[in-house]
Amino acid sequence: MVLNKIGHLARTSFGKTLTHLPQTVVAGTQSSYASTGTPFSFNNHVAGKFGKSGNAHLHTSFQNPSSPASAKSKAAPGSSHGAEKEDSGLTAYYDAWQKQHQPGADDKEWKQFQFTKRIGWKAPTAAVLAGRAKEIEELGLRPEARLDHGVLNRALTESAVQDLKQAGDAQAEAEALARVDEAIASEITQFKEAAVLEDSKVSEDPAYQQTDEIAPSVSRKASPVDVESPAVSTESIATPIRSTYSNLTGDLTAATSQDGLDQNAFSEQVARLSDEQRYAEIPPVFEAMLLNGVRPTIKAYNGLLSAVIHLPIAPPHQVVPKALNVYTDLLRRKVIPDTTFYAALIGLLSTRALDSLASKKALDRQRIRYGDTQGHFLFASQETEYDIVAEDDSLLNAIRIFDSSISAGIGRMYSSEMYRSLIKTCALYGKVDDMIRIVSHMDTHGVAPHASIYPPMIDAFAAQGDLASVVECYNGYKALAILENHGQPAIKDRDDHEVYAAVVKAYASCGRHADGWKFWSKIRSSYDDVDRQQELQSALSDAVVKGAVVTDHINRGNLAQAMQVALEEQLTPQALNEVMLKITIAAADGGHADIATQAFEKIDVTSTSKFTAAVPMLALNIRRGEIAQAQQNWSLLINAPQLDSSFAEATAHYATALINQGLVDDGLVQSREAFARIRSTASLPTKPTKQ
């Protein structure tokens, strides 16, 4: 029976075999598990091996019966064409077509005649996949063995099924099953031996994962050539599979090893350039890494981020978007950021948020000082700059990235400088809840805080009227200061006077001036009978008067009272100049000419504060139309040791005022001289700072 079946198969057309074969292979390679990114071209290999597709054979079935080919098939029914016609699924379709086209045949309802249906591949169900996974786990196969194991089971078992259908005999069925079992057992034994002899583990590169996904989709439907007859040896079936697996694994291992070497070489080069502060050379190296198909490491991303931070980028507000692009690309390539990357990115965002806040306050002051009655800026570019800083969301991004970093890395902690920048920014923006959460994270991990975070924290609590939190914050600082007195490094850059001034200011802002003065007197009396008593008490008075009392009066608009307090207290000359500068700026911008003039005259002529105070006084006199007084202020200003870009508005304002008064030549000469000095200052080389 087996020999007769073999003879019948031999008599079938060899072209039919070639017709069916590519269809089954293509159906297997078109599985949903296939990946277009795989380096192995299974489809091209199979198509090139087995030749043409089956459409050449199907084309003859639709020829006109009057054609020469049709006549030959009728004349020679015993030929191969006749046998193929008899063996095809088109006989019924052809007979019905002839009957329908006979002369006088009635037009009836059209019927669809289908081709002979063949068994197609179906996606495995969840139960089937679970069974295969359990089988692999029970056999103890390693991941590198699963690739060939999946192909072997499907190829042999489905080929055997076809063989059984062709044989149709109990004896042939038993022989085929025995050969399949023998081949599977032999392959499993070889896989286990290879796993014991191999020392290195399979790389975790994505190329391996793609191979694991693609390999099971290949050969899902076996070709008739695999098991042409029961007489074919199972060794001849298993050998091509083993050789194919060995070739693929060898190529993959070599490619992965080479990629690993390239990856390490590029990463080390980027890290070296970053350490040497050669930031301009980092982007080309990183681009070359991508062009070579090498996946960047976190070390390479750290170098690229440092280049973005330190390279001069114009305009400056574009630095943050570029840094966020680096972070987005890192996440897209599924590279896990480390603490160094997070710290640099969060520090950059915090610094940008602080700069935006300072720029917004400075622009508001310039609009009051130089703007018109409609609230417009002196320069049109300042309108755009103000819109940019008003829409800045760097702090929001910094908080989100910080939360993501501590949730992704359990036990992750940062440096005291990074905590200081983020906490101070949150405090100045009034984000008290985020500030408390970040401080708690810092305390939990035992990081010594900076003393500079306490004054803005106290100001943030006082802005909400929460004196209880103010006292609690001060007590926390006091406990750390006591530990510092006993030799324990509990706090960095200790500055007690600034903290005391913040507490006094908090009491004053909440309307409890008596409690603030009581606290100040208590702290001052604590310096009695100690070494350097006069020096400590003088430093305390300077800090409290300058940072708390005068500031509170200025915020409330009590400029005369602020002047009185500053003159009554025995302040040091430097502190007195700084206090008078504050009063001069507030009074001049507010239009209080008398108080502004008095405070301006109290500033020492040799102090740099005198030149700074001349700018708001110049604007005040121009607004009042007192050109003679404005010229005196300008003569002081133009003789300053150095003019930077902050004097550009004052120069344009003064020149415009002179031109409006008819002094065109004087206005142009003065403006040209001032702008020349400003340009020379801007072109001076600056020494790069090491981070």
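Residues numbered from 1 in each chain as written. Predicted model: local features only at pLDDT ≥ 70, side-chain atom pairs only at ≥ 80, totals over all residues. Heavy atoms only, no water.

Participant: Just checking my understanding: could you explain the overall build of the protein chain for this structure?
Facilitator: Of the regular secondary structure elements, the protein chain holds 32 helices and zero strands. Put simply, the protein chain has 691 residues, and 38% of those count as buried. By sequence separation, contacts in the protein chain at least 24 residues apart represent 68% of the contacts at least 6 residues apart. By element, 54% of the accessible surface of the protein chain is carried by carbon and sulfur atoms, the whole surface being about 39100 Å². (Helix = DSSP H or I, 4+ residues; strand = E, 2+ residues; numbered from the N terminus. Buried < 20%, exposed > 50% of the residue type's maximum accessible area, 1.4 Å probe, protein only. Contact = heavy atoms within 4.5 Å. Areas by Shrake-Rupley, 256 points an atom, 1.4 Å probe, with all protein chains shown as cover.)

Participant: Looking at this structure, how should I read the nonpolar core?
Facilitator: Across soluble globular proteins, nonpolar side chains show a tendency to be buried alongside one another. Within the largest apolar cluster, 107 residues are counted, with the highest numbers of intra-cluster contacts made by Ile423, Met435 and Ile583. Those residues in contact with Met435 that sit more than four places away from it in its chain are Ile423, Cys426, Ala427, Met457, Ala460 and Phe461. Phe611, Phe647, Ala650 and Ala674 belong to the second largest nonpolar core, which has 21 residues in total. (Core = buried A, V, L, I, M, F, W, Y, C linked by side-chain atoms within 4.5 Å.)

Participant: Please clarify how the packing of helix H25 (residues 533-556) against helix H26 (residues 559-568) should be interpreted in this entry.
Facilitator: Each pair of packed helices gets described by two things: the angle between the helix axes and the distance between those axes. Close contact between H25 and H26 brings their axes to 7 Å; oriented N to C, the two are set at 155 degrees. It follows that H25 is roughly antiparallel to H26 by the angle criterion. Across from Val545, Val549, Val550, His553 and Ile554 in H25, the residues of H26 making contact are Leu559, Gln561, Ala562, Val565 and Ala566. A breakdown of the residues in the contact of H25 with H26 according to their chemical character gives eight nonpolar, two polar and no charged. (Axes fitted to C-alpha atoms, helices over the stretch in contact; angles between N-to-C directions. Parallel < 35°, antiparallel > 145°, perpendicular 65-115°, else oblique. Nonpolar A, V, L, I, M, F, W, Y, C, P; charged D, E, K, R; others polar.)

Participant: I keep staring at the environment of Ala614 and nothing clicks. Help me out?
Facilitator: Here Ala614 shows up in helix H29 (residues 608-624). As for Ala614 and Ala630, which are separated by 16 residues in sequence, their C-alpha atoms are 9.4 Å apart. In this structure Ala614 touches Phe600, Asn633 and Leu636, once residues within four positions along its chain are discounted.

Participant: How should the pattern of salt bridges be read in this particular structure?
Facilitator: Pairs can form between side chains of opposite charge whenever their charged atoms are close. With the rule as written, the count across this model stands at 17 salt bridges. A salt bridge links Lys299 to Glu268; its shortest N-O distance comes to 2.9 Å. One end of the pair, Lys299, is in helix H14 (residues 298-310); the other, Glu268, is in helix H12 (residues 234-275), and 31 residues separate them in sequence. Note on Lys299: relative accessible area 38%, which makes it partly exposed. Residue Asp515 is joined to Arg512 by a salt bridge in which the shortest nitrogen-to-oxygen separation is 2.7 Å. You can call Asp515 partly exposed: its relative accessible area is 29%. Residue Arg512 is classed as partly exposed on the basis of its relative accessible area, which comes to 40%. (Salt bridge = Lys/Arg side-chain N within 4 Å of Asp/Glu carboxyl O.)

Participant: Looking at this structure, I do not really get the packing of aromatic side chains. What am I missing?
Facilitator: Aromatic rings considered in pairs are described by the distance between their centres and by the relative angle of their planes. Taken as a whole and judged by the stated rule, the model has 12 aromatic pairs. Each ring, one from Trp634 and one from Tyr654, has its centre 4.6 Å from the other, and the planes form 15 degrees; the classification is stacked. Of this pair, Trp634 sits in helix H30 (residues 627-638) while Tyr654 is found in helix H31 (residues 648-660), placing the two residues 20 residues apart along the sequence. Pairwise contacts between aromatic rings join Phe402, Tyr414 and Tyr419 into one cluster. A cation over an aromatic ring shows up here: Arg367 above the ring of Tyr386, its NZ or CZ 4.8 Å from the ring centre. Geometry around Phe600 places Lys610 over its ring, the cationic atom sitting 3.9 Å from the centre. (Phe/Tyr/Trp six-rings, centres within 6.5 Å; stacked < 30°, edge-to-face > 60°. Lys NZ or Arg CZ within 6 Å of the ring centre and 35° of its normal.)

Participant: In this structure, what is going on with the environment of Ala566? I would like to understand it.
Facilitator: Looking at the element boundaries, Ala566 is found in helix H26. Excluding anything up to four places from it in sequence, Ala566 contacts Val550, Leu571, Leu576, Val579 and Met580.

Participant: Help me understand unusual backbone geometry in this model?
Facilitator: Keep in mind that most residues, glycine aside, have a negative phi and that most peptide bonds are trans. With a phi close to 60 degrees, Lys334 is a non-glycine residue in the positive phi region. Its place among the elements puts Lys334 in the loop between helix H15 (319-332) and helix H16 (339-370). The phi torsion at Arg532 lies on the positive side, around 55 degrees, for a residue other than glycine. Relative to the helices and strands, Arg532 resides in the loop between helix H24 (513-525) and H25.

Participant: Help me understand the side chain of Lys610 in this model?
Facilitator: Its location among the elements puts Lys610 in helix H29. Although Lys610 is buried, it forms no salt bridge, and the closest oppositely charged side chain is Glu601 at an N-O distance of 7.6 Å. Polar side-chain contacts of Lys610 include one of 3.5 Å to the backbone oxygen of Ile603. Each residue touching Lys610, except ones within four places of it in the same chain, is listed here: Phe600, Glu601, Ile603, Asp604, Val605 and Leu636. (Lys, Arg positive; Asp, Glu negative; His and termini not counted. Polar contact = N/O pair within 3.5 Å; in protein donor to acceptor, adjacent residues only side chain to side chain.)

Participant: Quick question: what am I supposed to make of a nonpolar patch on the surface here?
Facilitator: A contiguous nonpolar surface patch, about 210 Å² in accessible area, is contributed by Ile659, Val664 and Leu668. For Ile659, the position within the fold is in helix H31. (Patch = residues over 30% accessible without salt bridge, like charges linked within 9 Å, V, L, I, M, F, W, Y side chains within 5 Å.)

Participant: Whenever I open this one, helix H28 (residues 593-602) confuses me. Can you help?
Facilitator: Every α-helix winds through 3.6 residues per turn, so residues three or four apart in the chain are directed the same way. For H28, every residue scored as buried is listed here: Ala593, Ile595, Ala596, Ala599 and Phe600. Down the axis, H28 shows its buried residues gathered within 165 degrees of arc, on one side only. Opposite the buried face of H28, by more than 90 degrees, sit the exposed residues Asp594 and Glu601. On the buried face of H28, the contacting elements are H26, helix H27 (573-590), H29 and H30. (Arc of directions from axis to C-beta.)

Participant: Mind showing me how you'd approach the confidence of the model for the protein chain here?
Facilitator: Predicted coordinates in regions of low pLDDT should not be interpreted in detail. Here the protein chain averages 74 in pLDDT, while 64% of its residues score no lower than 70. Across residues 139-158, confidence stays below pLDDT 50; counting only partners more than four residues off in sequence or on other chains, it has 55 contacts. Every residue in residues 198-258 is under pLDDT 50, and counting partners more than four places away or in other chains gives 99 contacts. (pLDDT = per-residue confidence, 0-100.)

Participant: What's the story with the environment of Thr373 in this structure? I'm lost.
Facilitator: Mapped onto the secondary structure, Thr373 falls in the loop between H16 and helix H17 (380-390). On the basis of relative accessible area, Thr373 is assigned to the exposed category, the value being 78%. Within the structure, the side chain of Thr373 is placed 3.2 Å from the side chain of Gln374, a separation counted as a polar contact.

Participant: Any chance you could explain the side chain of His653 here in plain terms?
Facilitator: If you trace the backbone, His653 turns up in helix H31. The buried category is assigned to His653, whose relative accessible area is 13%. Here His653 is in contact with Arg369, Tyr370, Leu378, Ala619 and Ile622, once residues within four sequence places are set aside.

Participant: Sorry, what's going on with a negative patch on the surface here?
Facilitator: On the surface, Glu417, Asp493, Asp495 and Glu498 cluster together into a patch of negative charge. On the secondary structure map, Glu417 appears in helix H19 (residues 416-428). Here Glu417 falls in the partly exposed class, since its relative accessible area comes to 38%. (Charge placed at Lys NZ, Arg CZ, Asp CG, Glu CD.)

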